[in-house]
Amino acid sequence: MSAFRSAPPKSRFAVRLTALLLSLVLILPFAAPPERAAASAWASALSGIDALYDGYTALETANKIEKLEIQSLRKDSAARLKNVNASVKAIDKSKIDRLNTEWAALKSRHASLIRQYSDLGKQAAEARKRKDKKSADLLDLKRNKLKPSVDAAKLEIKKAQEALASAKKQAAAKVKTVKDALAPAAVLKKQVTAENKTIVSCNKTRAAAYKRYRSAVKQGNAITAAAELTLMYDQLRKIHASQRTIYGWEKQISAAIQSAASKLPA
């Protein structure tokens, strides 16, 4: 049995009961002696409580079932979202780590050669400043002999760096695809949070009305008890409507997570 169904047929009774109680208060004093009018109003209120109470308890039970369904759906979504986020972090991670390691290893392997080549160039430049052509030529000879090896080393390092940059770019594009699919879930979660505040407010009003209802029962005041029960029922209907709305949003969040999961690379 789905908990997400329309409120019981008695939901409209709350409005009718309130109107009836008001009519009794306004009309009976002119239609009958005070004692008889009060007794009639009390009896009508008692009859109203009898009719409304079953609807109230049925709706309260339905709301509890709805809440459990929402909590179950939310828990499932949270678990699947956690898995999706973990998978996002792992996108091409092993490939990127490998390419990064290779790039670092090449830089380390060729560092001495490239540094030697650079130092010879600086020394040759200083020799030319001193007008020491002989030393400059000798240094240039040594440097130029290393040039083919240095050019090859630099090209190897450049290719490794480009491969790493390309892998990172591809991974970023894959991550964006998944996160774009998840984006609606974040918006919906904010809406759920806002709607939950409405439920909290309704429950506070209902709790206060319940205390007054119990007090009226103890005092034998059926009219006040009926009015408070009507208010409690009205708050339950609002909670029911909010929970139906939240359940719909939670279903959309679940669908967004499912869509994001389908976009994860195999």
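Participant: How would you sum up the overall build of the chain? Please name residues and give values.
Facilitator: For the chain, the count of helices and strands is 5 helices and 0 strands. When its helices and strands are written in sequence order, the chain yields α-α-α-α-α. Across the 266 residues in the chain, those meeting the buried criterion constitute 32%. By sequence separation, contacts in the chain at least 24 residues apart represent 86% of the contacts at least 6 residues apart. Split by element, the accessible area of the chain, about 16500 Å² in all, is 58% carbon and sulfur.

Participant: Go over the packing of aromatic side chains, please, and point to the residues and values.
Facilitator: Tallying each qualifying case throughout the model produces 1 aromatic pair. When the ring centre of Tyr-117 is taken as reference, the NZ or CZ atom of Arg-143 above it lies at 4.1 Å.

Participant: Account for the packing of helix H3 (residues 93-129) against helix H4 (residues 133-219), naming residues and giving values.
Facilitator: At their nearest, the axes of H3 and H4 sit 8 Å apart, and the two run at 155° to each other. On the basis of the axis angle, H3 is roughly antiparallel to H4. Considering how the two elements wind past one another, H3 and H4 form a crossing that is left-handed. Taken together, the residues of the contact of H3 with H4 break down into 21 nonpolar, 9 polar and 11 charged.

Participant: Lay out the environment of Thr-224 in plain terms, naming residues and giving numbers.
Facilitator: Along the chain, Thr-224 falls in helix H5 (residues 222-262). Spatially, the C-alpha atom of Thr-224 lies 7.1 Å from that of Tyr-213, the residues being 11 residues apart in sequence. Side-chain polar atoms of Thr-224 contact the side chain of Asn-221, separated by 3.0 Å.

Participant: I'd like to hear about H3, residue by residue, with values.
Facilitator: Taking 1.5 Å of rise per residue, 37 residues should cover 54 Å, and H3 covers 51 Å from first to last C-alpha, within 8% of that figure. Of all the bends found along H3, the most pronounced is centred on Ala-111 and spans about 50°. All buried positions along H3 are accounted for by Ile-96, Leu-99, Trp-103, Leu-106, His-110, Tyr-117, Leu-120, Gly-121, Ala-124 and Ala-127. Here the buried face of H3 lies against H4.

Participant: Can you lay out the packing of H4 against H5 for me, pointing to particular residues and giving the numbers?
Facilitator: One way to put it is that H4 packs onto H5 with a least axis distance of 8 Å and a crossing angle of 165°. When the interaxial angle is binned, H4 and H5 end up roughly antiparallel. Seen along the crossing, H4 lies across H5 with a hand that is left-handed. By residue class, the composition of the contact of H4 with H5 is 25 nonpolar, 11 polar and 7 charged.

What counts, and at which threshold
In this numbering scheme, every chain counts its residues from 1 along its sequence in written order. Two thresholds apply to this predicted model, a pLDDT of at least 70 for residue-level local features and 80 or more for giving and counting side-chain atom pairs, whereas whole-chain, interface and lining totals are computed over all residues. Remark: hydrogens and water are excluded; side-chain values derive from all non-hydrogen atoms of the structure. Secondary structure elements are taken from DSSP: a helix is a run of H or I of four residues or more, a strand is a run of E of two residues or more, and numbering for both begins at the N terminus. Buried means the residue's accessible area, taken with a 1.4 Å probe over protein chains only, is under 20% of the maximum for its type, while exposed means over 50%, and partly exposed covers the values in between. In this analysis, two residues are considered to be in contact whenever any of their non-hydrogen atoms come within 4.5 Å of each other. Accessible surface area values rest on a Shrake-Rupley calculation with a 1.4 Å probe, where residue burial reflects the displayed protein chains alone. Ring pairs shown here join Phe, Tyr and Trp side chains whose ring centres sit within 6.5 Å, with only the six-membered ring taken for Trp; geometry is labelled stacked below 30 degrees between planes, edge-to-face above 60, and tilted in between. The criterion is that NZ of a Lys, or CZ of an Arg, lies within 6 Å of the ring centre and within 35 degrees of the ring normal, and then a charge sits over that ring. In this description, a line fitted to the C-alpha atoms serves as the axis of each element, helices being fitted only across the stretch in contact, and the angle between N-to-C directions of two axes falls anywhere from 0 to 180 degrees. The scheme is simple: roughly parallel for angles under 35 degrees, roughly antiparallel for over 145, roughly perpendicular for 65 to 115, oblique for anything else. The sense of a crossing depends on the near helix, which, turned anticlockwise from the far helix by less than a right angle, makes the crossing left-handed and, turned clockwise, makes it right-handed. Residue polarity is assigned by list, with Asp, Glu, Lys and Arg as charged and Ala, Val, Leu, Ile, Met, Phe, Trp, Tyr, Cys and Pro as nonpolar; anything else, Gly included, falls into the polar class. Any pair of nitrogen or oxygen atoms within 3.5 Å is treated as a polar contact; in protein, a donor-acceptor pairing is required on top of that, and neighbouring residues in sequence qualify only through side-chain atoms on both sides. By this rule, a helix spans an expected 1.5 Å times one less than how many residues it contains. The term bend refers to the angle at a residue between two fitted axes, each drawn through seven residues, those ending there and those starting there.

By themselves, these figures tell us nothing about what the structure is for.
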